[in-house]
Amino acid sequence: MEEFLTAADLRGTTRLLIMQPTAFCNIDCLYCYLPNRNDRKIMSIETARQAAAFVFESAIAAVDLTVVWHAGEPLVVPPDWYRKAIAAMQTAAPVDVRPVHAIQTNGMLIDDRWCHFFLEVGMQVGVSIDGPARLHDARRRTRSGGGTHATTMRGVERLQRHGVPFHVICVVGRDTLDAADELMDFFAAEGITRIGFNIEEIEGPTRHSTLEAPGTIDGYRRFLERVLQRSDSYNPPIAIRERDEILALLKSPLFGRFRGNSQNVPLGIVTVAADGALFTFSPELAGLKEPRFDDFVIGRLPDATVESVLASPNFQAMWAEIEAGTNRCKRTCAYFDLCLGGAPSNKLSENGTFDSTETMFCRHAHMAVADTVLADLEAQIANCPARVT
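Residues numbered from 1 in each chain as written. Predicted model: local features only at pLDDT ≥ 70, side-chain atom pairs only at ≥ 80, totals over all residues. Heavy atoms only, no water.

Looking at the environment of Q229
In step 1: Structurally, the position occupied by Q229 is in helix α7 (residues 216–231).
In step 2: Each C-alpha atom of the pair Q229 and D376 lies 8.2 Å from the other, and the pair is 147 residues apart in sequence. (Helix = DSSP H or I, 4+ residues; strand = E, 2+ residues; numbered from the N terminus.)

Printed below as a string of C-alpha cells:
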C-alpha cells in the first residue's frame, strides 16, 4: 500500500525521464490528446538540469535510463537549446553515466542542422508517419488544414541522406485496417525498416476513436497478422516493435514475476513539463485535469524530492487507485503477464477510474497484439524443419 512506500523502495526504478521542452505543436492532428499545444513556453536550461538532479541524486534512475524529448513538437525548440540542456543534465549525472537521449518528432522541421545534431549526440530519433499520403494527410494536418506528408517525407529523406538511424511510429485508425499491404509496401519503398504501431486512443479531451466501431478488434488482428507476414518478405526485413517487445518479454528471466509496467509503477516514468511540474505514471496525464486529481502534478522543480512526491496528496490518491486497478487486472486477466496491468491514463479516460481493468486500448494494443504475435510465433515454429538428433 502507498503508506509503506519509501524513497529506498524506488531506487533504480525510473527507466524513462520524459522531458517536455515545450507543449507547443506546429500541426493539428485529429487524434491529438494534448490540451495545451498552443502554449509556446520553453523549458529553461536550469529546469533541465534540475530534472536530471531529481532522478540521479535520489538514486531512482535505472541503469538503462532513457531521456525522451517529447510533448508537442520538440523540434520547434532549436538544436543549440538541446546542446545546452543535455550538457546541463550531464553535470547532474554521475561521472560514469551517460543517459541515452531520444526524441519523437513529426519530422516537418528536420533539416541538415538537425541531422548534424542527432549524429553529434547519438540521439535516437522517432518520426510519426501514418503511412502513404492518403492515410497520413487525412489525420495529420497543418493548422490551416493542409496535409503534412510531403514535408515529413522530406525530413525523412534528410535523415537517410545523413545516415541518421530512425524508427517510425504509425497511428492506426479504422481506415488503416484494410491497408496492411499498401502500408507495408510504402514503408519498404521508402527504406523504413523499424516500425511501431499505436492505436487511435480515447484519452484526455479526445473522447472517441474510429476503432470503437463494431468489428474493429477482429479487423485489427487481421491487420497485424498481415503486417507480420509482410514484414519478413522484404530485404531487409522490417522490424515490428510489437513483435520485438513481446519476444523480449518472453525471453526475460523475470517473465511471470513482474508486478507492473512503467506506467503503473510509481516513478517508473517521470515526466517534466516546461514549467518544471512533475508527473508520474502515464505521461499522457501531463497537462490534463480531472476533479479528483486536479492537474495530476506530484511536485515542482526545484523543490521537489522523492520524499515530498510520495507524501503529496495527488500522488497518494493516484497510487491507491492505480495499485487497486493493477491488482484487479492481475486477478482477472489472462493477459496480465504480457501487459502487466495496462495504462492508467486509458483506464481513467475510458472507464472513469484508475481502479478498473479492460479498456478498448488494451483490447487492441495488448490482447490483439499478444494473440497475433504468439500465433505467428507458433506458425513459425511449426514450419521449422525437424532437428535431427
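Description of the layout of surface pockets
In step 1: Of the voids in this model, the second largest pocket is the one considered here, and its volume is about 390 Å³.
In step 2: What lines the second largest pocket is a set of 23 residues, and nearest its centre among them are A23, N36, A273, D275 and G287.
In step 3: Residue classes in the lining of the second largest pocket are distributed as 11 nonpolar, five polar and seven charged. (1 Å grid on protein atoms, 1.4 Å probe; cavity = no way out; pocket = protein on both sides within 12 Å on 5 of 7 lines; lining within 4 Å. Points joined across faces, edges and corners; volume = space filled by probe spheres on them. Nonpolar A, V, L, I, M, F, W, Y, C, P; charged D, E, K, R; others polar.)

Focus: unusual backbone geometry
In step 1: The omega torsion of the bond from N235 to P236 falls at 5°, within 30 degrees of zero and hence cis.
In step 2: In this fold, P236 is placed in the loop between α7 and β7 (239–240).
In step 3: For the peptide bond that leads from L301 to P302, omega is 10°, which places it in the cis range.
In step 4: With respect to the element layout, P302 can be found in the loop between β10 (299–300) and α9 (306–311).
In step 5: For D294, which is not glycine, the phi torsion reads 55° and is therefore positive.
In step 6: Structurally, the position occupied by D294 is in the loop between β9 (277–280) and β10.
In step 7: According to the relative accessible area criterion, D294 is partly exposed, its value standing at 45%. (Buried < 20%, exposed > 50% of the residue type's maximum accessible area, 1.4 Å probe, protein only.)

Thoughts on empty space enclosed by the protein
In step 1: By the definition in use, this model includes one cavity of 30 Å³ or more.
In step 2: Approximately 30 Å³ is the volume attributed to the largest cavity.
In step 3: If you go around the largest cavity, the residues you meet are L224, L228, I240, E242, V369, T372 and V373.
In step 4: Going through the elements one at a time, α7 and α13 (360–383) are the ones with two or more residues in the lining of the largest cavity.
In step 5: The residue inventory of the lining of the largest cavity, partitioned by class, reads five nonpolar, one polar and one charged.

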